[in-house]
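Observations on the model geometry
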Amino acid sequence: MTGAGSASLAFVVEDSFNTLPGTPSYYEFGRNVSVTELELTNALQRSRAVGETESVESIAQRLEGAFAVEADVSNDVHDQVHNLVFNDGGTGFTPGAAPSGRVYAGLDYLSGTAERELQACIPLEYQLIYEEDSLVRYSLTMAYADEALNTSITPSSVTTVSDGSSVPYHGTTLTIDSNAQGQYLQSATLSISGISRFRRGAQRAPVDAVVGPCNATLDTDAIITGTDELELAYGASSSAAPQDSVGGVSAALDIATAGGTAVATYNLANVTPNSHAWADLVAAETDTTDSISWQVNGVSVA
């Protein structure tokens, strides 16, 4: 079969690049999971011979895989997701080696079982996504260094998501410059890109991985209740026109379960408005909103 319930998916945090713990701990990514990319590339280079119209050979160059997943945020497993993203004990970024994990993607098909063991998966981009009236979700894009094909499912005793542990939209609080945005917040996406990169040598597979520039942005959309955000886009609180310099303020994004259990606080040391727009200014059937893209400098997780 290859229908509903025939696939399996779990991950483990590696001790170091492409090195499993002595006793691995396996985790689900979350509920309503979707694998949006799972691809191996050989970077083939064509080889041509004199007198031949077409190439005569394709030679494998760099080996690299791509894996991307989306899922609901859950208190049961998301601290381990953070360990795949942040190299400073799951709480932030520090110079040095990138975090890495191993993903087990299994499939029961009509005549057997195939499991792709994606090795040395490193984070490239992470997004935390809030939408009004939806479960809070995240996406994680990774590159992986190597893989193996197994004929049985490897993970056992997988930590799964329990009922009530996922984060609803009403478990989210966004605070910018000490002002809570939650009452009329329509959407908010925290994005971190350039998290890590491979280092290579004289072999097909990467040698190791290091942390990259880790560029973060925060995109928000909220029903307008005042001019606080417009003033910040001008340059600072109480500004009445665009200033020569635009300052930043602190922000925090808190997420919790419906029962009030805290899952994480994303502390944003400095957010600066890069662009500000009024959306739906004269639309009779909806509210006008502040749509702002903030550059974020400094992300830590508590």
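Scroll up to find the structure.
Summary of the structure given here. (Residues numbered from 1 in each chain as written. Predicted model: local features only at pLDDT ≥ 70, side-chain atom pairs only at ≥ 80, totals over all residues. Heavy atoms only, no water.)

1. Things to note about the overall build of the chain
A tally of regular secondary structure across the chain gives 2 helices and 17 strands. Each of the three principal axes of the chain carries a C-alpha extent, and together these read 70 × 55 × 40 Å. Counting all 302 residues of the chain, 40% fall into the buried class. Sequence-distant contacts, at least 24 apart, represent 67% of the contacts inside the chain between residues at least 6 apart. (Helix = DSSP H or I, 4+ residues; strand = E, 2+ residues; numbered from the N terminus. Buried < 20%, exposed > 50% of the residue type's maximum accessible area, 1.4 Å probe, protein only. Contact = heavy atoms within 4.5 Å.)

2. Concerning helix α1 (residues 78-85)
α1 sits mainly inside the fold: 6 of its 8 residues count as buried. Turning to α1, the residues buried within the fold contact β1 (7-13), β6 (101-109), β7 (112-131), β8 (137-150), β16 (262-279) and β17 (289-301).

3. What to know about the layout of surface pockets
By volume, the largest pocket amounts to about 280 Å³. In terms of lining residues, the largest pocket is bounded by 21 residues, among which A180, Q181, I223, T225 and E229 are the most central. Counting only elements with at least two residues in the lining of the largest pocket, the list comes to β9 (172-176), β10 (179-180), β14 (215-223), α2 (228-234) and β17. With 4 residues, the top contributor of residues to the lining of the largest pocket is β14. (1 Å grid on protein atoms, 1.4 Å probe; cavity = no way out; pocket = protein on both sides within 12 Å on 5 of 7 lines; lining within 4 Å. Points joined across faces, edges and corners; volume = space filled by probe spheres on them.)

4. What about unusual backbone geometry?
The backbone phi angle of S157 is positive, close to 50 degrees, even though this residue is not glycine. Looking at the secondary structure, you find S157 in the loop between β8 and β9. A positive phi is found at D280, a non-glycine position, where the angle reads about 60 degrees. Along the chain, D280 falls in the loop between β16 and β17.

5. Considerations on the environment of Q181
Tracing the backbone through its elements, the reader meets Q181 in the loop between β10 and β11 (185-193). Remark: the alpha-carbon pair of Q181 and A216, spanning 35 residues in sequence, is separated by 19 Å. Among all residues touching Q181, those that are not within four sequence positions of it are L174, I176 and E229.

6. Remarks on the pairing of strand β15 (residues 249-256)
Buried residues dominate β15, accounting for 6 of its 8 residues. Both β9 and β15 contribute to a ladder of 5 bridges, which runs antiparallel. If you follow T173 over to β15, its bridge partner there is D254. With 7 bridges connecting them, β15 and β16 associate as antiparallel partners. Note that in β16 the partner of A252 across the bridge is N267. Counting the residues between successive antiparallel strands, the hairpin from β15 to β16 contains 5 residues, one of them, G260, with a positive phi of roughly 95 degrees. (Pairing = 2+ DSSP bridges.)

7. Some remarks on the pairing of strand β5 (residues 64-72)
Extensive coverage of β5 is indicated by the burial of 7 of its 9 residues. In the sheet, strand β2 (residues 34-41) pairs with β5 via 7 bridges, with the strands oriented antiparallel. Bridging from a neighbouring strand, E39 pairs with A66 of β5. Taken together, the 8 bridges between β5 and β8 define a ladder with antiparallel strand orientation. Considered in β8, the bridge of A68 is made with T141.

8. As for the state of the cysteines
For the structure shown, the criterion picks out 0 disulfides. Considering cysteine sulfurs only, C214 is the nearest to C121, which forms no disulfide, with 18 Å between them. (Disulfide = S-S within 2.5 Å.)

9. Observations concerning the pattern of salt bridges
Under the criterion given, the structure shown has 8 salt bridges. Of the charged contacts, one joins R102 and E14 as a salt bridge, the two residues approaching to 3.2 Å between their closest N and O atoms. On the criterion of sequence distance, the pair formed by R102 in strand β6 and E14 in the loop between β1 and β2 is long-range, its members being 88 residues apart. Between R200 and E64 there is a salt bridge, and its shortest N-O distance comes to 2.7 Å. Here the residue R200 occupies a position in the loop between β12 (196-199) and β13 (208-211), and E64 occupies one in strand β5, the gap between them amounting to 136 residues. Overlapping salt bridges bring together E14, R102 and E117 as one network. (Salt bridge = Lys/Arg side-chain N within 4 Å of Asp/Glu carboxyl O.)

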